[in-house]
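Structure assessment
If you want the building blocks of each chain, they are given just below.
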Amino acid sequence: MLIYLNGSFLPRSEARIPVEDRGFIFGDGVYEVWRLIHGNAFEPEQHLARLERGLREIEIPLPDDLQTTRLWNIARRLIVENDLTSDEATLYLEVTRGAAPRTHYYPPAGTPATVYMAAARFKPAETLRRSGAAAITQPDIRWLRCDLKTIQLLPNVMGKQRAVASGAIDAIFVRDGIVTEGTHTSVFGVIDGTLRTHPADHHVLPGVTRAVLLRIASDLGIPSEETPMSLSELFEASELFLAGTTNDVLPITRVDDRVIGTGRPGPVADQLFQQLRARMDAVGSNRDGGQLELREGRPATVAD
């Protein structure tokens, strides 16, 4: 597979990152993942805006190669040369503060950031979506800037491993009795006919798929609230599902060995998925759609 690293395209097996890279030493960096449908990116500007915000909040200047090069040109070469123009794929971009002697404070201004991008084939979990999946709950022991998509993911990794070891698909984090999110997903519940999810504050990542689903719910007339769910409300929900770039809408029918709702995927999750899928298919059929462009050297931004 061809990848992009610090201005060069090369085989993945030949990629090298210095041992003093701050991403390796400190987890000092951010990342972003796009869904690609027939070579086009879904919701490209929202992902770019989240990336830019993460860089700004952790004080990494936008790297020179992303300021002077249209990001889509890099992505497009990876997509074409890795034969990913048909079906579905993902595009991964990571930016770290770069390589420098190990100090807890930032390296000198002008230290080049490390920029890594790769694309890979992807297959949605359709069978699991139709049958529903199991999840477990875990205490949310993460830091208080979960709104930033950083590469410091050890609690998420540990939560996901505990889920897999128990035969579940994911771990749902709970902080002070309140459901926050999954290890790499947003959590939605239907409670008394209203779609609920945690507000986009510093306790959760502002998921792009999450925002799309809230817009779809509004279009469909489904009542929705960005109101936290308690753990007891989660178990009483008529429907529960996870949402994310690589999960779409994934119904959860069992949590901690307790059945959720009827024990089968519900109608709200199905309606939202069908509309989400229609939007993704529209992007995939648009020859000029889903391009990642840096406008005047900077990505599009969204309000914090």
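Preceding this section is the structure that the text describes.
Residues numbered from 1 in each chain as written. Predicted model: local features only at pLDDT ≥ 70, side-chain atom pairs only at ≥ 80, totals over all residues. Heavy atoms only, no water.

Quick notes on the overall build of the protein chain
A count of helical and extended segments in the protein chain gives nine helices and 16 strands. Since a compact globule built from 304 residues should have a radius of gyration of about 19 Å, the 20 Å found for the protein chain is in line with a globular shape. When the backbone C-alpha atoms are referred to their principal axes, the protein chain occupies close to 55 × 45 × 35 Å. Relative to its full complement of 304 residues, the protein chain shows a buried share of 53%. If you take every contact in the protein chain between residues at least 6 apart in sequence, the share linking residues at least 24 apart comes to 74%. Taken as a whole, the protein chain presents about 14200 Å² of accessible surface, with 51% of it coming from carbon and sulfur. Distance between charge centroids for the protein chain: 3 Å, based on 33 positive and 40 negative side chains. (Helix = DSSP H or I, 4+ residues; strand = E, 2+ residues; numbered from the N terminus. Rg over C-alpha atoms; globule rule 2.2 N^0.38 Å. Buried < 20%, exposed > 50% of the residue type's maximum accessible area, 1.4 Å probe, protein only. Contact = heavy atoms within 4.5 Å. Areas by Shrake-Rupley, 256 points an atom, 1.4 Å probe, with all protein chains shown as cover. Lys, Arg positive; Asp, Glu negative; His and termini not counted. Charge placed at Lys NZ, Arg CZ, Asp CG, Glu CD.)

Examining the environment of Leu84
Along the chain, the position of Leu84 falls in the loop between helix H4 (71–81) and strand E5 (88–96). The buried category is assigned to Leu84, whose relative accessible area is 2%. As a C-alpha pair, Leu84 and Pro124 span 40 residues in sequence and 15 Å in three-dimensional space. Setting aside residues up to four positions removed in sequence, Leu84 forms contacts with Gly39, Leu78, Ile79, Ala89, Ala119, Ala120 and Arg121.

Looking at the pairing of strand E2 (residues 8–11)
With four bridges joining them, strand E1 (residues 2–5) and E2 adopt antiparallel strand pairing. Residue pairing across strands places Tyr4 opposite Phe9, the latter belonging to E2. Linking two consecutive strands that pair antiparallel, namely E1 and E2, is a turn of two residues; a positive phi of about 50 degrees is found at Asn6 within it. (Pairing = 2+ DSSP bridges.)

A short note on the sheet that holds E1
One open sheet holds the six strands; their spatial order is E2-E1-E6-E5-E3-E4, and the pairing between them is antiparallel. The open sheet is flanked by E2 and strand E4 (40–41), the only strands paired with a single partner. Lying on the sheet, helix H9 (residues 267–285) is in contact with strand E3 (29–37), E4 and E5; it crosses E3 at an angle near 80 degrees. (Axes fitted to C-alpha atoms, helices over the stretch in contact; angles between N-to-C directions.)

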